[in-house]
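# Descriptive analysis of the structure
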Amino acid sequence: MTTHRTDTTNDLLAGCGGRLRQAREAAGLSIDDVAARLRMPARIVRSLEAEDWSRLGAPVFVRGQVRSYSRLMGLTTAPMMEALVDVGPVEPSRLVSRTHTPAAQWWAEQLGRRLVYIVLTLFLVVPAWVATRQHLSATVADAAPLDLPVDPAGKAVQRQLPPAMPRTVIASMAAVPSARPPATEIVIRTRGESWVTVTAVDGSSLERALVPAGSERRYAAAQVAHLTIGNASAVEVESQGRNVDMGAFARANVARFTVSSDGSLVAAD
């Protein structure tokens, strides 16, 4: 009975590594068996049982390895964590800013950016404002001269201009020349049956007909450009009040005329 109490006391006083070793030996497992099941090197298992924490790395790794070993052996993890008296508590890593900017420098940068923005705004707005002001000033100056008197109501009084001098118009008795005398006519009189083709100045046809004997046709010379008369020997033509010699214009008994700018008849080719 005394021996059993001594063993229980030793178990309670045993450290974390001793508890893991006792549990492994009680289960009949070797260090290599535990390393294979935990998928960790055998040296780490030995370091855990020997409580050689310096070879196991950071405390967070030590606690994790002890927890895994304890679960494999069926030990309660809370007392095992309390038994790690030589392992410091897990502390969160301290975040150290690598790009820390002093407050004075930060305010200087902010002020510099705002000054640049203000300068650029003035550089763009001021020229536009000056140009617009000049344009408005010129428009107002054109609309209302500055020397106009102002009535008490504040409105500019329209300046009265002197009456314009009447212009003297001198009438000339000289006749205005025209391209063709408006009274000029071309008269065609037939003694026998004939055919007549009359072409206007714009190229349209004034007349294209077979004219019986004893007929008379009259055309304003200003409207006629070309004139063709068949059976010319049986036709009399009068232009500008004078009879035209048909023999001088006829070819194969067909007379062809072109009306000139003064209304006279000219032989056409």
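Since the model is a prediction, treat every value here as computed from it, not as a measurement. (Residues numbered from 1 in each chain as written. Predicted model: local features only at pLDDT ≥ 70, side-chain atom pairs only at ≥ 80, totals over all residues. Heavy atoms only, no water.)

A separate point is the nonpolar core. Formed by 21 residues in total, the largest nonpolar core has its most connected members in Val34, Val45, Leu48, Val66 and Tyr69. Contributing elements (two or more residues each) for this core: helix H2 (16-27), helix H3 (31-38), helix H4 (42-50), helix H5 (59-73) and helix H6 (77-83). For Leu48, the residues in contact, after removing those within four places along its chain, are Gly17, Leu20, Trp53, Leu56, Gln65, Val66 and Tyr69. (Core = buried A, V, L, I, M, F, W, Y, C linked by side-chain atoms within 4.5 Å. Buried < 20%, exposed > 50% of the residue type's maximum accessible area, 1.4 Å probe, protein only. Helix = DSSP H or I, 4+ residues; strand = E, 2+ residues; numbered from the N terminus. Contact = heavy atoms within 4.5 Å.)

Right, let's get into the sheet that holds strand E4 (residues 216-220). Within the open sheet, the 4 strands sit side by side as E4-E1-E6-E7. Their pairing is antiparallel. Either end of the sheet is taken by a strand with one partner, and the two such strands are E4 and strand E7 (242-243). By the bridge criterion, 5 bridges tie strand E1 (residues 185-190) to E4 in an arrangement that is antiparallel. Following the sheet pairing, Ile186 is matched in E4 by Tyr219. (Pairing = 2+ DSSP bridges.)

Time to look at H4. All buried positions along H4 are accounted for by Ala42, Ile44, Val45, Ser47, Leu48 and Glu49. The inward-facing, buried residues of H4 abut H2, H3 and H5. Once H4 finishes, Glu51 follows within two positions and takes phi at roughly 55 degrees, a positive value.

This part takes up a nonpolar patch on the surface. Together, Leu111, Leu115, Tyr117, Ile118, Leu122, Phe123, Leu124, Val125, Val126, Trp129 and Val130 make up a nonpolar patch on the protein surface, roughly 1200 Å² of accessible area in all. Its relative accessible area of 61% is what places Tyr117 among the exposed residues. (Patch = residues over 30% accessible without salt bridge, like charges linked within 9 Å, V, L, I, M, F, W, Y side chains within 5 Å. Areas by Shrake-Rupley, 256 points an atom, 1.4 Å probe, with all protein chains shown as cover. Salt bridge = Lys/Arg side-chain N within 4 Å of Asp/Glu carboxyl O.)

Let us look at the packing of aromatic side chains. In this structure the tally under the stated criterion is 1 aromatic pair. Between Trp106 and Trp107 the ring centres are 4.9 Å apart and the planes differ by 85 degrees, which places this aromatic pair in the edge-to-face class. (Phe/Tyr/Trp six-rings, centres within 6.5 Å; stacked < 30°, edge-to-face > 60°.)

For the chain, per-residue confidence averages 76 on the pLDDT scale, and 70% of positions sit at 70 or higher. Long-range and interchain partners of residues 1-13, a stretch whose pLDDT sits below 50, account for 3 contacts in this model, where long-range means more than four residues apart. Contacts from residues 176-181, a stretch scored under 50 in pLDDT, to residues over four places away or in other chains number 13 contacts. (pLDDT = per-residue confidence, 0-100.)

Attention now moves to the environment of Ala213. Relative to the helices and strands, Ala213 is located in the loop between strand E3 (205-211) and E4. On the accessibility criterion, Ala213 (45% relative accessible area) is partly exposed. Remark: the alpha-carbon pair of Ala213 and Val235, spanning 22 residues in sequence, is separated by 8.9 Å. Not counting residues within four places of it along the chain, the set of residues in contact with Ala213 comprises Thr190, Arg191, Gly192 and Glu193.

With that settled, consider the pairing of strand E6 (residues 235-239). Burial of E6 is one-sided: the residues Val235, Val237 and Ser239 facing one way are buried, the residues Glu236 and Glu238 facing the other way are not. Here 2 bridges tie E6 to E7, and the two strands are oriented antiparallel to one another. By the bridge assignment, Ser239 is partnered in E7 with Arg242. Hairpin geometry of E6 and E7 is characterised by an intervening segment of 2 residues between the two adjacent antiparallel strands and by a positive phi of about 55 degrees at Gln240.

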